[in-house]
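Letter by letter, the chains look like this.
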Amino acid sequence: MAKIPREDSAQSPSWFTPKRLLMIFCVINMINYVDRGAIASNGVNGSLGTCTDGGICSSGSGIQGDFNLDNFQDGVLSSAFMVGLLVASPIFASLAKSHNPFRLIGVGLSVWTFAAAGCGSSFDFWSIAICRMLVGVGEASFISLAASFIDDNAPAAQKTAWLATYYMCIPTGVALGYVYGGLVGNNLNWRYAFFGEAFFMLPFAVLGFVMKPLQLKGFAPVEPKKDLTSIEAVACAIEDSKVPSVNGYVVVEDEGFGAQASNKASKSRGAFKILDQFSRFSREMKVLLLDKVYVVNVLGYTSYNFVSGAYSYWGPKAGYNIYHMNNADLLFGGITIVCGIFGTLSGGLILDYMSATISNAFKLLSGATLLGAMFCFSAFCLKSLYGFIALFSVGEILVFATQAPVNYVCLHCVKPSMRPLSMAISTVSIHIFGDVPSSPLVGVLQDHVNNWRETALILTSVLFLAAGIWFIGIFLNSVDMSNEEGENKGSTVEKAASTKPLLGGNRNEMLDDSVEA
């Protein structure tokens, strides 16, 4: 029996191990969130100019000072990138069915790089707002697809720990962004902060195109599927054209028929693909919306993100006004780095130790959020800066422990072929109902009450709601669907190829051993 020939070993990137994949994705994720922290820092965000009763005025600083933005506009600017993220996330998740997901990440990171450079070149509120939206479009591909790649390649007993390592980059990136934005904005100019981000992201955008693409579990390779579709489409075109045949063979009477059939097949194939993608998207959306585990998980995550999003943007300003922190960026950045790393990793390790199941994830989510809310609320009640730092640090550790478990539920309550859409809709929901409205709403609340302590206490109380919603999830009937066979069933060769997560010598041996022609 003949065996499938091995791929050219020179084409297999042996250096690209699962751990290196995790490291690259962590750096990309960190740069994404450095951008979030940078625009929220006092060095980049700045402040409006002020005038004393004596008529002595000082000029404003940063984006707010240069473009003369009020608090509402300032809050909208922080959320503008979410518009692109929300629109593009489901699109990239759907495109993953017909285009290689790894290449889609390269496209997204390229858009992100150019948009970040555009932010540095902006000249008014609307120009930077549009560039912020494009930053969201670029980020959408990575946010929707990266976690699925990590879940595919993580060791079975450490899946939550690997997710925790990836999501640890969220608080760490935001915290570094505070520090980065403060240093660059105060010593150079806020525009250079965005130019620097674009420079650091550019190599990863290039890597997404030049490196041999990877496949996701539950998705058949795109290339063979394309070839099959082309054959079927031409066959349909021949049949529709009433071409004569003899003994089953097509008789070509006109040399122009080939071009005509090809053009007709191309149009039919394009229309069919669009209709097929819409049909598949609607079916999968119905599955997600009827899944009680998924809905409860996302509702709790949305409430949580409402608070964390406003914290990340308004935290330095609130700390500066309540406790008169002259170095609010550095202090909040330092607290968030330490607590974010320790809390996020702890959440993943604890869930793996408990045995990573959806039910245990909900237990950890509700318990950690409840305790974290109590500590954070108590912290803002204190007048002492040192007491605030102590209680708020403990609260942040507990709150950050939710990052890996909540995304573990999103990935494991659906079939592998639905993971990109699951992550995309989760991202859309937590932003459109969470941190997109929270930043401007907190700005409006502060304009109304004019008391940052009272504003912070009202905001923190929403964490109790998140804990209550996740508590409901403990009692739901949950099934881990991560090992269910995907919608796109490949051949025996494709299944054997997808058994080994990353390319390497063992993969080729496995193909030889498992497939005979």
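Keep in mind that this is a model prediction, so the values were computed, not measured.

K.L.:
Would you take a moment to explain the overall build of the chain for this structure?
P.N.:
Of the regular secondary structure elements, the chain holds 21 helices and four strands. Looking at the 517 residues of the chain, the share that counts as buried comes to 53%. Considering only contacts within the chain whose residues lie at least 6 apart along the sequence, 81% involve residues at least 24 apart. As displayed, the chain has an accessible area near 23,200 Å², and 64% of this comes from carbon and sulfur atoms.

K.L.:
I tried to follow unusual backbone geometry on my own but got confused; where do I start?
P.N.:
Negative phi is the rule for most residues except glycine; trans is the rule for most peptide bonds. Positive phi, close to 90°, is recorded for S355, a residue that is not glycine. With respect to the secondary-structure elements, S355 resides in the loop between helix 13 (328-354) and helix 14 (358-381). A residue is classified by how much of its surface remains accessible, and S355, at 39% relative accessible area, is partly exposed. Even without being glycine, N450 reaches a positive phi, approximately 55°.

K.L.:
I keep staring at the packing of helix 8 (residues 169-187) against helix 9 (residues 190-210) and nothing clicks. Help me out?
P.N.:
The geometry of a pair of packed helices is captured by two quantities: the angle between their axes and the separation between those axes. The contact between helix 8 and helix 9 brings their axes to 7 Å, and the two run at 130°. Taken together, the axis directions place helix 8 and helix 9 in an arrangement best described as oblique. Our pair here, helix 8 against helix 9, has a crossing hand that is right-handed. Two secondary-structure elements touch here, helix 8 through Y180, V184 and G185 and helix 9 through W190, Y192, A193, G196 and E197. Tallied by class, the residues present in the contact of helix 8 with helix 9 amount to five nonpolar, two polar and one charged.

K.L.:
I'm lost on the environment of A147 in this one. Help?
P.N.:
One can find A147 in helix 6 (residues 125-153). When the C-alpha positions of A147 and W162 are compared, they lie 9.6 Å apart, and in sequence the two are 15 residues distant. Excluding its chain neighbours within four sequence positions, the residues that come into contact with A147 are L163, Y167, L411 and M423.

K.L.:
It is not clear to me how helix 16 (residues 403-412) should be interpreted in this structure. Could you clarify?
P.N.:
Residues spaced three or four apart along an α-helix face the same direction, because each turn holds 3.6 residues. Here helix 16 lies mainly inside the structure; ten of its ten residues are buried. Every buried residue of helix 16 is accounted for by Q403, A404, P405, V406, N407, Y408, V409, C410, L411 and H412.

K.L.:
In this structure, what is going on with the packing of helix 12 (residues 292-323) against helix 16? I would like to understand it.
P.N.:
Where helix 12 meets helix 16, the axes come as close as 9 Å, and the angle between the chain directions of the two elements is 150°. In terms of orientation, helix 12 lies roughly antiparallel with respect to helix 16. As for the relative orientation of helix 12 and helix 16, their crossing is left-handed in sense. Residues V293, Y294, N297, Y301 and Y304 of helix 12 touch helix 16, and the partners they reach there are Q403, V406, N407, V409 and C410. Here the residues of the contact of helix 12 with helix 16 sort into seven nonpolar, three polar and no charged.

K.L.:
How should I be thinking about the side chain of N407 in this particular structure?
P.N.:
By secondary structure assignment, the location of N407 is in helix 16. For N407, the side chain forms a polar contact with the main-chain oxygen of Q403, separated by 2.8 Å.

K.L.:
Would you take a moment to explain the confidence of the model for the chain for this structure?
P.N.:
Note that predicted coordinates carrying low pLDDT should not be read in detail. Within the chain, residue pLDDT values average 78, and 76% of them lie at 70 or more. Within the chain, helix 20 (residues 492-499) has the poorest average pLDDT of any element, 38, and helix 19 (residues 462-473) the best, 96. Predicted confidence is poor over residues 1-13, with pLDDT under 50, and the contacts of this stretch with residues over four places away or in other chains come to 20 contacts. Note that pLDDT drops below 50 for residues 248-253; the model gives that stretch ten contacts with residues more than four away or on any other chain.

K.L.:
Help me understand the state of the cysteines, please; the structure alone is not making it clear to me.
P.N.:
Under the criterion given, the structure shown has zero disulfides. Looking at C119, it has no disulfide partner, and the nearest cysteine sulfur is the one in C131, 4.9 Å off.

K.L.:
In this structure, what is going on with the packing of aromatic side chains? I would like to understand it.
P.N.:
Within a pair of aromatic rings, the relevant descriptors are the distance that separates the centres and the angle that separates the planes. Scanning the entire structure with this criterion turns up 21 aromatic pairs. Between the aromatic rings of Y311 and F380, the centroid separation amounts to 6.2 Å while the plane-to-plane angle is 40°, which identifies the pairing as tilted. You can see Y311 sitting in helix 12 and its partner F380 sitting in helix 14, a full 69 residues away along the chain.

K.L.:
Honestly, a nonpolar patch on the surface in this entry has me stumped. Any pointers?
P.N.:
Side chains of V107, L202, V206, F209 and V210 sit close together on the surface and give an oily, nonpolar patch of about 430 Å² of accessible area. Per-element accounting of the nonpolar patch gives the leading share, four residues, to helix 9. Secondary-structure assignment places V206 in helix 9.

K.L.:
For this particular structure, what's the right way to read helix 1 (residues 18-40)?
P.N.:
Taking 1.5 Å of rise per residue, 23 residues should cover 33 Å, and helix 1 covers 33 Å from first to last C-alpha, within 8% of that figure. The buried fraction of helix 1 amounts to 17 of the 23 residues, a majority that puts the element mostly inside the structure.

K.L.:
How should I be thinking about the pattern of salt bridges in this particular structure?
P.N.:
Pairing of side chains with opposite charge becomes possible as their charged atoms draw close. Enumeration according to the criterion identifies four salt bridges in this entry. Residue R419 is joined to D151 by a salt bridge in which the shortest nitrogen-to-oxygen separation is 3.3 Å. In this pair, R419 sits in helix 17 (residues 419-449) while D151 sits in helix 6, placing the two residues 268 residues apart along the sequence. Of the residues examined, R419 reaches a relative accessible area of 2% and is grouped as buried. According to the relative accessible area criterion, D151 is buried, its value standing at 4%.

K.L.:
I tried to follow the nonpolar core on my own but got confused; where do I start?
P.N.:
Among soluble globular proteins, nonpolar side chains are generally buried collectively. Ranked by size, the top nonpolar core spans 125 residues in total, and within it F25, I63, Y166, F362 and F392 carry the most contacts. For this core, the element with the most residues is helix 12, which contributes 15 residues. Looking at which domains feed residues into this core, each of domain 1 (16-47 + 64-219) and domain 2 (281-482) gives three or more. Among residues more than four places away in sequence, those in contact with Y166 are L22, F25, C26, N29, F142, A146 and I150.

K.L.:
Teacher, can you tell me more about the environment of A456 here?
P.N.:
Along the chain, A456 falls in helix 18 (residues 452-460). On the basis of relative accessible area, A456 is assigned to the buried category, the value being 7%. For the pair A456 and C376, spaced 80 residues apart in sequence, the C-alpha to C-alpha distance is 9.5 Å.

K.L.:
Is there a simple way to think about the side chain of S144 in this case?
P.N.:
Here S144 is to be found in helix 6. Here S144 falls in the buried class, since its relative accessible area comes to 0%. There is a polar contact of 2.9 Å between the side chain of S144 and the backbone oxygen of A140.

What counts and how
- Residues numbered from 1 in each chain as written.
- Predicted model: local features only at pLDDT ≥ 70, side-chain atom pairs only at ≥ 80, totals over all residues.
- Heavy atoms only, no water.
- Helix = DSSP H or I, 4+ residues; strand = E, 2+ residues; numbered from the N terminus.
- Buried < 20%, exposed > 50% of the residue type's maximum accessible area, 1.4 Å probe, protein only.
- Contact = heavy atoms within 4.5 Å.
- Areas by Shrake-Rupley, 256 points an atom, 1.4 Å probe, with all protein chains shown as cover.
- Axes fitted to C-alpha atoms, helices over the stretch in contact; angles between N-to-C directions.
- Parallel < 35°, antiparallel > 145°, perpendicular 65-115°, else oblique.
- Left-handed = near helix turned anticlockwise from the far one by under 90°.
- Nonpolar A, V, L, I, M, F, W, Y, C, P; charged D, E, K, R; others polar.
- Polar contact = N/O pair within 3.5 Å; in protein donor to acceptor, adjacent residues only side chain to side chain.
- pLDDT = per-residue confidence, 0-100.
- Disulfide = S-S within 2.5 Å.
- Phe/Tyr/Trp six-rings, centres within 6.5 Å; stacked < 30°, edge-to-face > 60°.
- Patch = residues over 30% accessible without salt bridge, like charges linked within 9 Å, V, L, I, M, F, W, Y side chains within 5 Å.
- Salt bridge = Lys/Arg side-chain N within 4 Å of Asp/Glu carboxyl O.
- Expected span 1.5 Å × (residues − 1).
- Core = buried A, V, L, I, M, F, W, Y, C linked by side-chain atoms within 4.5 Å.
- Domains from an automatic or database assignment.

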